[in-house]
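Structure assessment
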Amino acid sequence: MTVPALLVLGNVNVDLVLGEVDGWPAVGTEVMVDRSEMRPGGSAGNTALALSGMKVPHRMIASVGDDPNGAWLSGRFDQASTEWIVEPCETTLTVGIVHKGGDRVFFTTPGHLLRASLENLIERLPEASGENAFALISGGFLIPGIEAGTIELLSALAARGWRTAIDPGWPPAGWTEGNKQRMFEWISAADISLINAEEAKGLSGQDDLGAAVGQLVECVGPSHTLVVKDGSQGAHAHAAGAHVHAVSPTVEVIDTVGAGDTFNAAFLAALAKGRTLAEALAHGTDIAARAISTFPRRYCGS
């Protein structure tokens, strides 16, 4: 069987999304919300769902718990495109509270992500099918096994012919000096980094996004592609001394959960098809805007 040109690795969990709320309620009160949705999530999970929604061939390798939530979660993905590592524990659950205007906050239980094994993952890595094949590691800061072994995982992927991309997300402990150093080591070992504007500012220690990106560009070097996702302002890419910007379409936002992961899916899918960096960036912003403005979510079509 031919291995698809896109490989997704990282966190998959159950998402319970509730909203909207206007401000944070006082302790002990009860708040009625208009909408709820239980759906598969996690950074890697959202990316795989977007690829399935776009009908893009891919493979995802991820872990899940052996409880009823794990059975429900694994059943929501394309089984032909997914390889599950079942852990003997509860499945990780994230509750996302959507605030007025589309912003959100997450509460996540440890669950199966704490038990995910780097060794189990590496032994399942396939050989890349060609020179234009991309492997994405998502949500590494939430998975201790991957966080500690990201360099080893990137090396194993490169040895199998994959071009590598990382989107570790926001570290739960914040941007400590240790987390900053770890992130820069990962960037140095990967071909592409995909971060959002707040992560760029946190990683660089700069409050101004322009200054933050400028500092990061100097650090990553010309051989690395740095992508910064900036919500409604679109996305920027810096590579080989060039800067590309894609404007995001204006849409009525329903919720932004998974927007960056959807961007990652569309961006890498375009690169895997041989599109230019500018075309890939525009494709990512277009598909992400469609996803956050439809309910249930749509990734293409009317």
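Just so you know, these numbers come straight off a predicted model, no measurement behind them. (Residues numbered from 1 in each chain as written. Predicted model: local features only at pLDDT ≥ 70, side-chain atom pairs only at ≥ 80, totals over all residues. Heavy atoms only, no water.)

**Some words on the overall build of the protein**
Just so we agree on the cut-off: The helix and strand labels rest on DSSP assignments: H or I over at least four residues marks a helix, E over at least two residues marks a strand, and numbering proceeds from the N terminus. With C-alpha atoms as the basis for the radius of gyration, the globule rule is written as 2.2 Å multiplied by the number of residues raised to the power 0.38. Type-normalised accessible area, obtained with a 1.4 Å probe on protein chains alone, sets the label of each residue: buried when under 20%, exposed when over 50%, and partly exposed for intermediate values. When checking whether two residues touch, look at their non-hydrogen atoms; a contact exists if any pair is within 4.5 Å. The Shrake-Rupley method, run with a 1.4 Å probe, gives the accessible areas here. Residue values count only the displayed protein chains as cover.
What the protein contains, in helices and strands, is nine helices and 13 strands. At 18 Å, the protein has a C-alpha radius of gyration in line with the 19 Å of a compact globule built from 302 residues. Overall size of the protein, expressed as C-alpha extent along the three principal axes, is 50 × 45 × 45 Å. Expressed as a percentage of the 302 residues in the protein, the buried residues total 53%. Taking the contacts inside the protein whose residues are at least 6 apart along the sequence as the reference set, 68% of them involve residues at least 24 apart. Put simply, the protein shows about 13600 Å² of open surface, and 52% of that area lies on carbon and sulfur atoms.

**Quick look at the layout of surface pockets**
How we decide: Note on definitions: the grid is 1 Å and covers protein atoms alone; a cavity is a set of points where a 1.4 Å probe fits but cannot get out; a pocket is an open set with protein on both sides within 12 Å along at least five of seven lines; lining residues have an atom within 4 Å of a point. Grid points are joined across faces, edges and corners, and a volume is the space filled by probe spheres set on the points. Here the term charged refers only to Asp, Glu, Lys and Arg, the term nonpolar to Ala, Val, Leu, Ile, Met, Phe, Trp, Tyr, Cys and Pro, and the term polar to all other amino acids, Gly among them.
Of the volumes computed, that of the largest pocket is approximately 1400 Å³. If you go around the largest pocket, you meet 47 residues; those closest to its centre are R104, F106, N196, T256 and G260. The space that makes up the second largest pocket amounts to roughly 270 Å³. Among the secondary structure elements, those contributing two or more residues to the lining of the second largest pocket are strand 3 (35-41) and helix 1 (43-53). A per-element tally of the lining of the second largest pocket places helix 1 first, with four residues. Residues that form the lining of the second largest pocket fall into these classes: four nonpolar, four polar and three charged.

Read these as layout, nothing more, since geometry by itself doesn't imply function.
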